[in-house]
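Structural features, examined
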Amino acid sequence: MCQVEERARYAAQQEFPEADILDPLWDPEHIEEGLEALTNYPLAEFQEQFRDYYEALQRPSEFVDDPDMDPETSGIAKPFRVRDGQVVEVSDIEIVYERTDGTAHSTGKTWEYPREELIVCSMPRIAFEDHITFEEHFPDFLVNHLMAQIRDIYLNMGEQPPREYRVQGHGKLDIYGDEDGSAEELLLEGM
């Protein structure tokens, strides 16, 4: 039932583009704008602004001053602001985690970008293989992440994503109909 509601919300937003019906982070066109902006972002600026994200994804406990942090529960976010197809601002990372006693905490600056300009890269802790380097692979890794977010938006509505977004990898952290993490596997079997 929730997937039908998400599809209806998407259709209503398409019908009434000026209305505030759908969170932009769940609008595939909005994420496509972020994807385009990230793809065109100058490499030198990307390397300056996103290195902390690459490092925090692998070692979140180095970015959190909390001895009771359980790094296995970490979710690491890197928001950026997009306007007119351009990245105009990149925020600091935010790490959400549980302490060993099970209580939830977060660290990092909370961003205050307008929702219609906000794009968020958000993933759990990742152990990159040794041959995956920041300079050579991470820009493409984040592009794939945004493509996977678009994939997951369609899956969240109970629809098959467009072929170009049928990628493997981390997308949205939670989608309807994927309680066991199998939606991506089923999608990829049908490719």
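Please refer to the structure placed before this passage.
These numbers come from a predicted model, not from an experiment.

Let's talk about the pairing of strand β3 (residues 94-99)
Note that strand β1 (residues 69-83) and β3 share 5 bridges and pair antiparallel. Directly across from G75, in β3, lies its bridge partner V96. With 4 bridges connecting them, β3 and strand β4 (residues 104-107) associate as antiparallel partners. Bridge pairing links E98 to A104 in β4. The turn linking β3 back onto β4 is made up of 4 residues, and G102 within it adopts a positive phi angle of 90 degrees.

Some details on the nonpolar core
Residues F50, Y53, F80, F138 and L142 are the most contacted members of the largest nonpolar core, which totals 47 residues. Looking at this core, the elements that each hand over two or more residues are α2 (28-39), α3 (43-58), β1, β2 (86-90), β3, β5 (118-124) and α4 (134-156). Discounting residues that sit within four places of it in the chain, Y53 has contacts with I76, A77, K78, I93, C121, S122, M123, F138 and L142.

Some points on the packing of α3 against α4
The interhelical angle for the contact between α3 and α4, taken along N-to-C directions, is 85 degrees, at an axis separation of 10 Å. Relative to α4, the element α3 is oriented roughly perpendicular. Across the interface between the two elements, L43, F46, Q47, F50, R51, Y53, Y54 and L57 of α3 pack against F134, E135, F138, P139 and L142 of α4. The residue makeup of the contact of α3 with α4, split by class, is 10 nonpolar, 1 polar and 2 charged.

Considering the pattern of salt bridges
On inspection of all chains with the given rule, the structure shows 11 salt bridges. With a shortest N-O distance of 3.1 Å, D66 and R99 are connected by a salt bridge. Placement of D66 in the loop between α3 and β1 and of R99 in strand β3 is noted, with a sequence separation of 33 residues between them. Relative accessible area serves as the criterion here: at 24%, R99 is assigned to the partly exposed category. Here R81 ties to E117 by a salt bridge, and the two come within 2.5 Å at their closest N and O atoms. Residue R81 is found in strand β1, and its partner E117 is found in the loop between β4 and β5; the two are separated by 36 residues along the sequence. Just as R81 is buried, E117 falls in that class too. The network of salt bridges with shared partners includes R81, R83, E89 and E117.

Re unusual backbone geometry
Its identity is not glycine, yet D84 carries a phi of approximately 55 degrees, on the positive side. In this structure D84 comes out as exposed when scored by relative accessible area, which is 70%.

As for the packing of α2 against α4
Axes are the key here: two packed helices are described by the angle between their axes and the distance separating the axes. Where α2 contacts α4, the axes come no closer than 10 Å and their chain directions differ by 170 degrees. Considered as vectors, α2 and α4 are oriented roughly antiparallel to each other. Across the interface between the two elements, P28, I31, E32, G34, L35, L38 and T39 from α2 touch L142, V143, L146, M147, Q149, I150, I153 and Y154 from α4. Partitioning the contact of α2 with α4 into residue classes produces 11 nonpolar, 3 polar and 1 charged.

What to know about the packing of aromatic side chains
Aromatic ring pairs are defined here through the distance separating the ring centres and the angle between the ring planes. All chains considered together, the criterion is met by 13 aromatic pairs. Site record: aromatic cluster; members linked through ring pairs are Y41, F46, F50, Y53, Y54, F80, F128, F134, F138 and F141. Cation over ring: K78 sits above F50, and NZ or CZ is 5.7 Å from the ring centre. Looking at K172, its charged tip hangs above the ring of W26, at a distance of 4.5 Å from the centre.

Notes on the pairing of β1
Where β1 lies against β5, 7 bridges are found, and the strand directions are antiparallel. Looking at the pairing, I76 lines up with M123 of β5. Relative to β2, β1 runs antiparallel, the two sharing 4 bridges. Paired with F80 across the bridge in β2 is V90. A loop of 2 residues connects β1 with β2, the two strands running antiparallel in sequence, and D84 in this loop sits at a positive phi of about 55 degrees.

Rules used in this analysis
Per chain, the residues get numbers from 1 upward, laid out in the order the sequence is written. In keeping with the model being predicted, local features are shown solely for residues with a pLDDT of at least 70 and side-chain atom pairs are shown and tallied solely at 80 or more, while totals for entire chains, interfaces and linings include all residues. Computation of side-chain values: all heavy atoms of the structure, hydrogens and water removed. Here a strand pair is declared whenever DSSP counts at least two bridges between the two strands. Helix and strand definitions here come from DSSP, where helices need a minimum of 4 consecutive H or I residues and strands a minimum of 2 consecutive E residues; each element is numbered from the N-terminal end. Definition used in this section: a nonpolar core is a set of buried Ala, Val, Leu, Ile, Met, Phe, Trp, Tyr and Cys residues joined via side-chain atoms within 4.5 Å. Only protein chains enter the area calculation, which uses a 1.4 Å probe; residues under 20% of their type maximum are buried, those over 50% are exposed, and those in between are partly exposed. Contact between two residues is taken to exist if any of their heavy atoms lie within 4.5 Å; hydrogens are not considered. Fitted lines through C-alpha atoms give the axes, limited to the stretch in contact for helices. The angle between two N-to-C directions lies from 0 to 180 degrees. Put simply, angles under 35 degrees are roughly parallel, angles over 145 are roughly antiparallel, angles from 65 to 115 are roughly perpendicular, and the rest are oblique. By the convention adopted, Pro, Cys, Tyr, Trp, Phe, Met, Ile, Leu, Val and Ala count as nonpolar, Lys, Arg, Asp and Glu as charged, and the other residues, Gly among them, as polar. Just to be clear on terms, a salt bridge is a Lys or Arg side-chain nitrogen sitting within 4 Å of an Asp or Glu carboxyl oxygen. Two aromatic rings, drawn from Phe, Tyr or Trp (for Trp, its six-membered ring), form a pair once their centres lie within 6.5 Å of each other, and the interplanar angle then sorts them: stacked below 30 degrees, edge-to-face above 60, tilted otherwise. Definition used: whenever NZ (Lys) or CZ (Arg) falls within 6 Å of the ring centre and also within 35 degrees of the ring normal, the charge is taken to sit over that ring.

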